[in-house]
Amino acid sequence: MDHKDLEIIQSGDVEQSGAVFKRFVEKHSQTFDFTVFNQSGQWPIIWNSIFTILKTPDANPDIFPQCLASVRILSRNKSNLNHATVDQFDCLLNIANIGTHNIDCGSEVSVEALKCLCNLVFQSEKCQAMCLKNASIEGIVKRLRTYKDHNVNYELQFFDMKLLFIITGLNPNVRTKVRDDFHGLTYLVETLDMIMRDQRKQNYLPDKHIDLLCEILKVLFNITVRNETSVATEEEEEIQFRRLSVVLHDLLLCKSYNKEKQNELCSNTVNLLTNVPTACFSELIISIHDDDDVSHIKEFERHDMTAVDVLLAFLKGRLDNVQKLSVQQELLSPILMVLVKCVRSNSIERRYIRSVILPPLRDVQNRPEVGNELRNQLCRLLTTPATQVRDLTAELLFVICKENVCRMTKYTGYGNAAGLFANRGLLGGHGGPSTDYSSESEDSDTEEYKQIQHAINPVLGCYDPPRPDPFAGMSDEQKEYEAMKLVNLMDQLNRQGVVQPCRIGADGRPEAVEHILELQEGIPQQQLDHKRKT
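Residues numbered from 1 in each chain as written. Predicted model: local features only at pLDDT ≥ 70, side-chain atom pairs only at ≥ 80, totals over all residues. Heavy atoms only, no water.

Chemist: Honestly, helix H17 (residues 325–345) in this entry has me stumped. Any pointers?
Modeler: Residues three or four positions apart in an α-helix share a direction because the helix packs 3.6 residues into each turn. Its 21 residues give H17 an end-to-end C-alpha distance of 30 Å, which sits within 8% of 30 Å, the value for a rise of 1.5 Å per residue. At Leu 332, H17 is bent by approximately 40 degrees, the largest bend along its length, and proline Pro 334 sits one to four residues beyond. Inspection of H17 places Gln 328, Leu 332, Ser 333, Pro 334, Ile 335, Leu 336, Val 338, Leu 339, Val 340, Lys 341, Cys 342 and Val 343 among the buried residues, and these make up the whole buried set. In the core, the buried residues of H17 are packed alongside helix H15 (259–273), helix H16 (306–321), helix H18 (347–357), helix H19 (374–381) and helix H20 (387–400). (Helix = DSSP H or I, 4+ residues; strand = E, 2+ residues; numbered from the N terminus. Expected span 1.5 Å × (residues − 1). Bend = angle between axes of the 7 residues up to and from the residue. Buried < 20%, exposed > 50% of the residue type's maximum accessible area, 1.4 Å probe, protein only. Contact = heavy atoms within 4.5 Å.)

Chemist: Which parts of the structure should I look at to understand the packing of aromatic side chains?
Modeler: The description of two aromatic rings rests on the distance between their centres and on the angle between their planes. A full pass over the atoms with the stated rule returns six aromatic pairs. Each ring, one from Tyr 204 and one from Tyr 257, has its centre 4.2 Å from the other, and the planes form 20 degrees; the classification is stacked. Of this pair, Tyr 204 sits in the loop between helix H12 (184–199) and helix H13 (207–224) while Tyr 257 sits in the loop between helix H14 (234–252) and H15, and the two are 53 residues apart along the sequence. Among the residues examined, Tyr 257 registers a relative accessible area of 71% and is labelled exposed. Through a chain of ring-to-ring contacts, three or more aromatic side chains come together here, namely Trp 43, Trp 47 and Phe 51. Cation over ring: Arg 76 sits above Phe 32, and NZ or CZ is 4.5 Å from the ring centre. Its end group placed over the ring of Phe 165, Lys 218 keeps NZ or CZ at 5.0 Å from the ring centre. (Phe/Tyr/Trp six-rings, centres within 6.5 Å; stacked < 30°, edge-to-face > 60°. Lys NZ or Arg CZ within 6 Å of the ring centre and 35° of its normal.)

Chemist: Explain the nonpolar core to me, please; I cannot follow it from the model alone.
Modeler: In globular proteins that are soluble, nonpolar side chains generally tend to be buried together. Residues Leu 220, Leu 311 and Ile 357 are the most contacted members of the largest nonpolar core, which totals 147 residues. For Leu 311, the contacting residues outside a window of four places in its chain are Leu 252, Val 270, Leu 273, Leu 284, Ile 335, Val 338, Leu 339 and Cys 342. (Core = buried A, V, L, I, M, F, W, Y, C linked by side-chain atoms within 4.5 Å.)

Chemist: I tried to follow the pattern of salt bridges on my own but got confused; where do I start?
Modeler: Close approach of charged atoms allows side chains of opposite charge to pair. One pass over the structure, following the stated rule, counts 21 salt bridges. In this structure, Arg 242 and Glu 238 form a salt bridge, with 3.0 Å as the shortest nitrogen-oxygen distance. Pair noted here: Arg 242 and Glu 238 are both in helix H14, with a separation of four residues, about one helical turn. A salt bridge links Arg 344 to Glu 403, with the shortest nitrogen-to-oxygen separation between them at 3.4 Å. (Salt bridge = Lys/Arg side-chain N within 4 Å of Asp/Glu carboxyl O.)

Chemist: Honestly, the sheet that holds strand E2 (residues 299–300) in this entry has me stumped. Any pointers?
Modeler: Strands pair in a sheet through their backbones, by hydrogen bonds, and they do so in one of two ways: parallel or antiparallel. One open sheet accounts for three strands, arranged E1-E3-E2; its pairing is antiparallel. Of all strands in the sheet, those with a lone pairing partner are strand E1 (286–287) and E2, marking the two edges. In terms of strand pairing, E2 meets strand E3 (residues 303–304) through two bridges, oriented antiparallel. Bridge assignment links Phe 300 to a residue of E3, and that residue is His 303. (Pairing = 2+ DSSP bridges.)

Chemist: Which parts of the structure should I look at to understand a nonpolar patch on the surface?
Modeler: Taken together, the side chains of Leu 493, Val 498 and Val 499 present a nonpolar region at the surface, about 230 Å² in accessible area. Checked against the element boundaries, Leu 493 lands in helix H24 (residues 476–495). (Patch = residues over 30% accessible without salt bridge, like charges linked within 9 Å, V, L, I, M, F, W, Y side chains within 5 Å. Areas by Shrake-Rupley, 256 points an atom, 1.4 Å probe, with all protein chains shown as cover.)

Chemist: Would you mind showing me how to read the layout of surface pockets here?
Modeler: Empty space among the atoms can be located by rolling a probe the size of a water molecule over them. Quantified by volume, the second largest pocket comes out at close to 770 Å³. Contributing to the lining of the second largest pocket are 25 residues, with Asn 203, Leu 252, Leu 253, Cys 254 and Lys 255 lying nearest its centre. Looking at which element gives the most residues to the lining of the second largest pocket, the answer is H15, with five residues. A breakdown of the residues in the lining of the second largest pocket according to their chemical character gives 13 nonpolar, seven polar and five charged. (1 Å grid on protein atoms, 1.4 Å probe; cavity = no way out; pocket = protein on both sides within 12 Å on 5 of 7 lines; lining within 4 Å. Points joined across faces, edges and corners; volume = space filled by probe spheres on them. Nonpolar A, V, L, I, M, F, W, Y, C, P; charged D, E, K, R; others polar.)

Shown next as structure tokens:
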């Protein structure tokens, strides 16, 4: 601003100030660097002059949109927001109609005030701390309760949720307050259900409704993160989460003409499901009765598995598109965690997911990690450096194999599953189905598998064709010479710290050996164990 404009806004002339702020907004709508304002000392002058006008009792509300747009632009500058005062924050709350002394300036002005508040809370720790003491949280929840009774402007709802998401995301101390003190979980779930109910007559959700649903889901994610300060009893929590799970089931079935929006909705639903207790995942499937129309659902064992099928399709989509290791953890961990909870929740979901991921084994010529089927893609993740993804994948596959070492080896190969077996003390190959699983067999070996079962390499997990004997034509002395040569080379690598030879200990986990020849000590017992198995 030039000197003349600064004089105008400091003079208190509302009409002329409105023109100044209008020019300011037009000029700086895309400005994000306010170094010039800081160096010239203009930033606090402009900021304080705006709030002087906004707090003037008889100020013309027509100037408010330009004033608030100026605040929104200035609040992009993080370094200066420590100048914001409690009175200024409360002023914005009142204009947004979520304060203690609300000002009715129309929904458009309230939306602009909400945008300013979003910037302030996101950019300033000082403003985040204010939210613990001011009326922001209570005001949003109070308006949230009126969504079902009044025709509340869509943008007001959207920015209410965006502000609540930012507050609960950046200030963990607020989460319990929202959830328990103001019953936010109950009201947010009711709002989700209300939006779904209003749209059930339509086959596809409009984009703006999906955007609002996503903001609500993000708030729910923040306030359902497990913490020790919750005052709700286990019984109350289970009732709340079961109700939430029913709504999430319906959200998974929502459709949109915009595939990106539908994927975004599914992604936020999956993220929230990671916070839902495993016991509540039974709500994702519905029993089918004799008179039910099953033409548009995924039926399995007289249950509607459509929602679970959506989760599997979402996993497949993520696996097809996630190539970079740097994003594997972020994009794959939530859906893998949700599917682990599904297969641990009940046997029906486990059997259905197994039928999709590990169908009867027909491709026995290629290694398990080769190909584009779900089994192949998951087997590749068993050796990924992204540890959380690797461990979740291993647990998912192990559970749908009934935690049976032999079955896991059959579908993934011993080499791919070795990390899981080592962590669980199963490297010796021992370990049958847990007592948590039903006793009936779920294996149905295919003809392709039976024909070459004898030639399948359990380490590779596929057919291993016969190869020429590398020792053919060698005398015993030559064989011994080559063997000792190999031992010496391995010992040299061991001494240099390149490799650390291990053997399987009594607990089924690898244990280091001092010298390579110690590996021979357990060979007779291993041979005996092998004979007993065969």
